[in-house]
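Structural overview for review
One letter stands for each residue in the lines below.
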Amino acid sequence: MASNEPTELSKAEKSVIEQESGSDFEEENEDWDDWGEDDDNEDGESDKPFVCLFSDSQFSSCCELFEHCRLIHKFDFDVIRKELGLDFYGSFKLINYVRSQVAENRCWSCGLACQSHQDLQNHLHETVKLKDIKPLWDDEKYLKPVMQDDPLLYSFNDDEEGEDNHMTPDDQEELVKYLRNIDEMCIEDTDTLKKSAHGYGFFEQNGAKEMEMLNGDSEELVDSSDGKPSDKHSKASIMNLLDKDIKKANENYFGAYSSYGIHREMISDKVRMNAYSQAILKNPSLMTGAVVMDVGCGTGILSLFAAKTGASRVIAIEASEKMASVATQIAKENGLWRCTEGNNQYTGVMEVVQGMVEEIDKSIQIEPHSVDVLLTSIYAAGFGRGGTSIPFWEEVYGFNMSCVGKELVQDAAKFPIVDVVDEKDLVTDAVLLQAFDLTTMKPDEVDFTASIELEPKSIRLANNSTELSSETTWCYGVVLWFDTGFTPRFCKETTSILSTSPYTPKTHWSQTIFTFNEPIAMAPGKPCADKSTAVGTDACPASRIHLRISIARAVEHRSIDISIETSGVDLDGRKRCWPVQMFQSILGTTSVDPFLYDAT
């Protein structure tokens, strides 16, 4: 219950006031150096002061520091941890994330870049929707301390008695020791460093057991001569866990392709099969005498096409052990199996290799060849209300269930959705997002950032001309798809295009939907009626939407990270920006995954 009676200030609040005023703090702490020398810890190292996340202020305890941040900088660490359910690792990342943003004069919660440190101090504000910004620091790079020997990183958890924690204090201490020495490790390149840091992400799901595996026996991780962690063995232990993590991800992914159901779905996809069969069967000049590699062959249907067309050798690669066996049996039963070992009499042209394409050189000898067939493009378009689940729930057997649809749309703003979007539900023209020439591209080019502008669909008149509409339409998000062209550069007899767009018959890939946090009003020919209102509203619709989309392979194996920056511009050039949206997709859950990963 609130009270008007004056209350005694807590020790932490007193410290905060003294710190900000600068009056008595320095006098009371003039013997700081002597105090630090007298209170050496067990390891012989001096205790260091706790430095504020947002300023140079120093405190003798993390409790005082966090109270200072709460009162002065509107950053309530305890509330944020509780509301988001952050564990030790999540809190560790949050602290490093905030420090990294402050170092760049950037607001940790909204991302605004300030001109100076003082501007940042004046800008800092409370955050309302914490869950929306949690992905910003959910990155393994924030496991590396931003400030060297930051005592806050191994002290913030000290006061949490009785709270569930998957890590023991010893585990936490070992982690911090390792991270504090990570810059001194003998790591040859930054990629290895990133992978090493990623190893800790594995512990979030598996708890202290895997941490014990990292610690290992004292003989393995600690040099008996000085008691310090052995770089060589620490690195080896982390890489072993990383390999285990990757192996598990591969098993889960390729294990899904052991089901006959998914292969029936792909073979039943007429758009897919017509494009591939036409490109292979109707281009004898391309296939006759060629050496063909079919990556991810499944049942081997495309390899069978190549063998039938006259390829001299077909190497079908399949990571799933079960499907590799199935493809082998099918090749044998169709008289196309090739085997030169022992007394086998199979003289066909097709051989199946079970394993990853990256490791093909360990299983089979093959002369270097280039892949000279495909051009792939990713397209984008804005979709309207019909592309969401709202209309379905508005009337269900005579009952209004629109609350369900609204909740689903809110959830869709956090995760990509794979579904079929009808052409009539597109409210903007399609735009090319990124094109790839698979004959020349390099693996790193799979990661890209591209900027596009979406404009409302033009109205086509009877005389075949177009005009801009003044009617307002609402754009609820952006939909992506890919087209792959078998071009005349190589398919000289018959070209072919595999399209997964909303304008063509649907495929098993469907499209990938990214929903905005809120719908944006668009009307290219309608001026703003009320300039005091925000762009993208009914009173002031946007004439175009600018998107900056980044798609990249995530640190987590077989995942991709997608970020979308959205802004709307009205007829007068006024601009409004929305918060950046972050999406993560596990490989196989978006329609752009197949080409992104097959391209590597």
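Residues numbered from 1 in each chain as written. Predicted model: local features only at pLDDT ≥ 70, side-chain atom pairs only at ≥ 80, totals over all residues. Heavy atoms only, no water.

If you check an unreviewed UniProt entry, the chain appears there as protein arginine n-methyltransferase from Salix purpurea.

Observations regarding the overall build of the chain
Counting its secondary structure elements, the chain contains 21 helices and 18 strands. Long-range contacts, defined here as pairs at least 24 residues apart, represent 66% of the contacts in the chain between residues at least 6 apart. (Helix = DSSP H or I, 4+ residues; strand = E, 2+ residues; numbered from the N terminus. Contact = heavy atoms within 4.5 Å.)

A few points about the state of the cysteines
As enumerated under the stated definition, the model contains one disulfide in all. The partner cysteine of Cys528 in its disulfide is Cys540, sulfur to sulfur 2.5 Å. Its S-S torsion of approximately -125° makes the covalent link between Cys528 and Cys540 left-handed. Of the two residues, Cys528 is situated in the loop between strand 14 (511-522) and strand 15 (544-553) and Cys540 in the loop between strand 14 and strand 15; the sequence distance between them amounts to 12 residues. You'll find Cys528 and Cys540 in the same group, each marked buried. A disulfide-free cysteine, Cys107 has its sulfur positioned 3.6 Å from the sulfur of Cys110, the nearest such atom. Judged by relative accessible area, Cys107 falls into the buried class, the value being 0%. (Disulfide = S-S within 2.5 Å. Buried < 20%, exposed > 50% of the residue type's maximum accessible area, 1.4 Å probe, protein only.)

Re helix 15 (residues 270-281)
The terminal C-alpha atoms of helix 15, which comprises 12 residues, lie 15 Å apart, in line with the 16 Å expected from a rise of 1.5 Å per residue. Listing the buried residues of helix 15 in full gives Val271, Arg272, Met273, Ala275, Tyr276, Ser277, Ala279 and Ile280. Looking at the packing, one finds that the buried side of helix 15 touches helix 14 (260-268), helix 16 (284-287), helix 17 (301-309), strand 12 (473-486) and strand 13 (496-499). Where helix 15 begins, one side-chain oxygen reaches toward the backbone nitrogen of Val271, 3.3 Å away; that side chain belongs to Asp269. (Expected span 1.5 Å × (residues − 1). Polar contact = N/O pair within 3.5 Å; in protein donor to acceptor, adjacent residues only side chain to side chain.)

Points about the packing of helix 15 against helix 17
Closest axis-to-axis distance for the helix 15/helix 17 pair is 9 Å, and the angle between their directions is 25°. Taken together, helix 15 and helix 17 sit at an angle that is classed as roughly parallel. Handedness of the helix 15/helix 17 crossing: right-handed. Along its contact with helix 15, which presents Met273, Tyr276, Ser277, Ile280 and Leu281, the element helix 17 presents Ile301, Leu302, Phe305, Ala306, Lys308 and Thr309. Broken down by class, the residue content of the contact of helix 15 with helix 17 amounts to eight nonpolar, two polar and one charged. (Axes fitted to C-alpha atoms, helices over the stretch in contact; angles between N-to-C directions. Parallel < 35°, antiparallel > 145°, perpendicular 65-115°, else oblique. Left-handed = near helix turned anticlockwise from the far one by under 90°. Nonpolar A, V, L, I, M, F, W, Y, C, P; charged D, E, K, R; others polar.)

What to know about the side chain of Asp294
Relative to the assigned elements, Asp294 resides in strand 3 (residues 291-295). The side chain of Asp294 sits in the buried core without any salt bridge; Arg272 is the nearest counter-charge, 7.3 Å away. At a separation of 2.8 Å, a polar atom in the side chain of Asp294 contacts the side chain of Ser303. (Lys, Arg positive; Asp, Glu negative; His and termini not counted. Salt bridge = Lys/Arg side-chain N within 4 Å of Asp/Glu carboxyl O.)

Looking at the pattern of salt bridges
Applying the stated criterion across every chain, the model contains 16 salt bridges. Residue Lys93 pairs with Glu140 through a salt bridge whose shortest N-O separation is 3.5 Å. Pair noted here: Lys93 is in helix 6 (residues 88-103) and Glu140 is in the loop between helix 8 (130-133) and helix 9 (169-180), with a separation of 47 residues, a long-range link. A relative accessible area of 14% means that Glu140 is categorised as buried. Of the charged contacts, one joins Arg553 and Asp444 as a salt bridge, the two residues approaching to 3.5 Å between their closest N and O atoms. Remark: Asp444 occurs in the loop between strand 8 (431-437) and strand 9 (448-454) and Arg553 occurs in strand 15; sequence separation between them is 109 residues. Each of Lys93, Asp138 and Glu140 takes part in salt bridges that share partners, so that together they form one network.

Considering the environment of Pro49
Here Pro49 is to be found in the loop between helix 3 (32-38) and strand 1 (50-51). Note on Pro49: relative accessible area 15%, which makes it buried. Expressed as a C-alpha distance, the spacing of Pro49 and Cys62, which sit 13 residues apart in the sequence, is 9.0 Å.

A few points about helix 20 (residues 402-412)
Looking only at helix 20, the buried set comprises Ser402, Gly405, Val409 and Ala412. The arc that holds every buried residue of helix 20, seen down its axis, measures 80°, which confines them to one face. Seen from the buried face of helix 20, the exposed residues on the opposite side, beyond 90 degrees, are Cys403 and Gln410. (Arc of directions from axis to C-beta.)

Examining the sheet that holds strand 3
Ordered in space as 3-4-5, the three strands form an open sheet in which the pairing is parallel. Each of the sheet's edge strands pairs with one partner strand only, and the pair in question is strand 3 and strand 5 (350-354). Between one strand and the next, the sheet's axes are offset by a mean angle of 20°, whatever the strand orientation. Where strand 4 (residues 313-318) lies against strand 5, five bridges are found, and the strand directions are parallel. For Glu318, the partnering residue across the bridge sits in strand 5 and is Gln354. The sheet contacts of helix 17 involve strand 3, strand 4 and strand 5, and relative to strand 4 the element is tilted by about 175°. Here helix 18 (residues 321-333) sits on the sheet and contacts strand 4 and strand 5; the angle it forms with strand 5, its principal contact strand, is near 170°. (Pairing = 2+ DSSP bridges.)

Concerning the packing of aromatic side chains
Scanning the entire structure with this criterion turns up 16 aromatic pairs. Ring geometry for Phe54 and Phe75: centres 5.5 Å apart, planes at 65°, overall edge-to-face. With Phe54 in the loop between strand 1 and strand 2 (58-59) and Phe75 in the loop between helix 4 (62-73) and helix 5 (77-84), the pair connects residues that are 21 residues apart, well separated along the chain. Taking 5.9 Å as the distance between ring centres and 40° as the angle between the ring planes, the aromatic pair formed by Tyr97 and Trp137 counts as tilted. Note that Tyr97 is positioned in helix 6 and Trp137 in the loop between helix 8 and helix 9, a separation of 40 residues in sequence. Residue Tyr97 is classed as buried on the basis of its relative accessible area of 4%. Feature note: the residues Phe54, Phe66, Phe75, Phe77, Tyr97, Trp108, Trp137 and Tyr142 constitute an aromatic cluster, connected by ring pairs. We note Lys322 situated over the ring of Tyr260; from NZ or CZ to the ring centre the distance is 4.5 Å. (Phe/Tyr/Trp six-rings, centres within 6.5 Å; stacked < 30°, edge-to-face > 60°. Lys NZ or Arg CZ within 6 Å of the ring centre and 35° of its normal.)

Thoughts on the nonpolar core
Val314, Leu433, Val478, Ile545, Leu547, Ile562 and Ile564 are the most contacted members of the largest nonpolar core, which has 63 residues in total. Of the residues forming this core, the biggest block, six residues, is contributed by helix 15. Setting aside residues up to four positions removed in sequence, Ile545 forms contacts with Ile452, Glu453, Leu454, Cys475, Phe516, Ile520, Met522, Thr566 and Ser567. Counting 35 residues, the second-largest nonpolar core is a separate cluster that includes Ile80, Leu94, Tyr97 and Leu130. (Core = buried A, V, L, I, M, F, W, Y, C linked by side-chain atoms within 4.5 Å.)

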